[in-house]
Amino acid sequence: MNLVLFGPPGAGKGTQAKVIQDQRGLPQLSTGEMLRSAIASGSTLGREVDAILARGDLVSDDIVVSIIEERLKKPDCVKGAVFDGFPRTIAQAEALDRLLAGMGRRIKLVVELKVNDEILIERVRQRIAQGLSRQDDNPETLRNRLAVYYRSTAPLIDFYKLQGKVVSIDGMEPVATVTKQIADVIDARLAARVE
Ligand code: ADP
């Protein structure tokens with residue numbers, strides 16, 4: 001199954017994507033992690049995107065789409081994947097639909113994690129307090145990441161609703177509760193054999 005985990009920065013997409021990867025063998029495709037590892041490796045791409053991530057802006061559609069295109073060719077994606085932090089724009093979603101269609105596949109499910117802004121800001125504050133924060137986890141950059149999310153990414157929900165693929169989950173419940181709810185949604189979708 002190809003599924004998209006959707007939601008604002010700090011909603012818990014990465015945490016839940018890792019659980020799905022472990023439990024179902026569907027690889028987590030996180031463009032944020034891929035970009036951060038490019039930066040850490042000092043590659044040309046990494047140098048190109050470093051300042052963009054630091055500001056909390058979006059990297060160009062061309063760059064992330066080509067990263068995902070390459071990643072989807074790897075054999076571990078044949079049974080599907082969990083997209084985490086991608087797509088983030090309508091253009092990316094359209095490109096993903098085209099890429100998957102070319103491989104005879106499609107997005108089957110979009111799980112939206114709903115979390116209020118105040119809680120997102122509090123989570124980042126805690127990550128900073130615990131020393132677990134990333135370069136872009138500071139109050140100012142987070143404010144920009146949220147603004148970018150509402151401007152460029154949130155409209156994707158309607159794009160996927162028109163395709164009948166969205167299930168929304170309360171991402172403010174405890175992690176284990178969210179995990180269970182996502183598992184139930186995936187199982188229901190698998191049982192329905194919706195093609
Ligand atoms: P978050 O926790 O904010 O959702 P991610 O790890 O998904 O963070 O992404 C971190 C940063 O990487 C984003 O703020 C953005 O700069 C860049 N990025 C990640 N995925 C994409 C994408 N699909 N399109 C454009 N930029 C992206």
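See above for the structure.
Residues numbered from 1 in each chain as written. Predicted model: local features only at pLDDT ≥ 70, side-chain atom pairs only at ≥ 80, totals over all residues. Heavy atoms only, no water.

(A) How the structure looks around the sheet that holds strand S3 (residues 81-84). Spatial ordering of the open sheet is given by S2-S3-S1-S4-S5, a layout of 5 strands whose pairing is parallel. The open sheet terminates on both sides in strands that have one partner only, identified here as strand S2 (28-30) and strand S5 (166-170). Ignoring strand direction, the axes of neighbouring strands in this sheet form an average angle of 25 degrees. Of the strand pairs in this sheet, strand S1 (residues 2-6) and strand S4 (residues 107-114) are connected by 5 bridges, and their pairing is parallel. Paired with Asn2 across the two strands is Ile107, which belongs to S4. Running over the sheet, helix H1 (residues 13-24) touches S1, S2, S3 and S4 and is turned about 155 degrees from S1. Sitting on the sheet, helix H2 (residues 31-41) is in contact with S2 and S3, with an inclination near 65 degrees to S2. (Pairing = 2+ DSSP bridges. Helix = DSSP H or I, 4+ residues; strand = E, 2+ residues; numbered from the N terminus. Axes fitted to C-alpha atoms, helices over the stretch in contact; angles between N-to-C directions. Contact = heavy atoms within 4.5 Å.)

(B) A look at the nonpolar core. Ranked by internal contacts, the top residues of the largest apolar core, which has 32 residues, are Ile68, Leu72, Phe83, Leu96 and Tyr160. Sorting the residues of this core by element identifies S1, H2, helix H3 (44-55), helix H4 (61-72), S3, helix H5 (90-102), S4 and helix H8 (156-162) as the ones contributing at least two each. When residues of this core are assigned to their parent elements, the largest contribution, 6 residues, is made by H4. With residues up to four places along the chain from it excluded, the contact list for Leu96 reads Ile68, Leu72, Phe83, Phe86, Pro87, Ile107 and Tyr160. With 21 residues, the next largest nonpolar core counts Leu5, Ile20, Val111 and Val185 among its residues. (Core = buried A, V, L, I, M, F, W, Y, C linked by side-chain atoms within 4.5 Å. Buried < 20%, exposed > 50% of the residue type's maximum accessible area, 1.4 Å probe, protein only.)

(C) Representation of the site of the ligand. Neighbouring the ligand are 19 residues, the closest being Thr31, Arg36, Asp57, Gln92 and Arg145. Between an oxygen atom of the ligand and a side-chain N or O atom of Arg134, the distance comes to 3.2 Å. Contact distances for the ligand include 2.8 Å between an oxygen atom and a side-chain N or O atom of Arg145. For the ligand, whose unbound accessible area comes to 550 Å², protein coverage reaches 96%. Top contributing element to the shell around the ligand by residue count: H2, with 4 residues. Of the residues assigned to the shell around the ligand, the class counts are 7 nonpolar, 5 polar and 7 charged. (Near = heavy atom within 4 Å. Polar contact = N/O pair within 3.5 Å; in protein donor to acceptor, adjacent residues only side chain to side chain. Areas by Shrake-Rupley, 256 points an atom, 1.4 Å probe, with all protein chains shown as cover. Nonpolar A, V, L, I, M, F, W, Y, C, P; charged D, E, K, R; others polar.)

(D) The arrangement of H5 in detail. With 13 residues, H5 extends 18 Å from end C-alpha to end C-alpha; this agrees with the ideal 18 Å at 1.5 Å per step. Among all positions in H5, only Gln92, Ala93, Ala95, Leu96, Leu99 and Leu100 are buried. The buried side chains of H5 occupy one side of the element, clustering within an arc of 160 degrees when seen end-on. Exposed positions of H5 whose direction lies more than 90 degrees from the buried face are Arg98, Ala101 and Gly102. For H5, the elements touching its buried residues are S1, H4, S3, S4 and H8. (Expected span 1.5 Å × (residues − 1). Arc of directions from axis to C-beta.)

(E) Representation of the packing of aromatic side chains. Summed over all chains, the structure comprises 4 aromatic pairs. When the centroid spacing of 6.1 Å and the interplanar angle of 50 degrees are considered together, the rings of Phe6 and Tyr149 count as tilted. Taken together, the residues span a long stretch of sequence, with Phe6 in strand S1 and Tyr149 in helix H7 (residues 139-153) at a distance of 143 residues. When its relative accessible area of 8% is taken as the criterion, Tyr149 is described as buried. The interplanar angle of 85 degrees and the centroid separation of 5.1 Å between the aromatic rings of Phe159 and Tyr160 together place this pair among those described as edge-to-face. The buried category is assigned to Phe159, whose relative accessible area is 16%. We classify Tyr160 as buried; its relative accessible area is 0%. (Phe/Tyr/Trp six-rings, centres within 6.5 Å; stacked < 30°, edge-to-face > 60°.)

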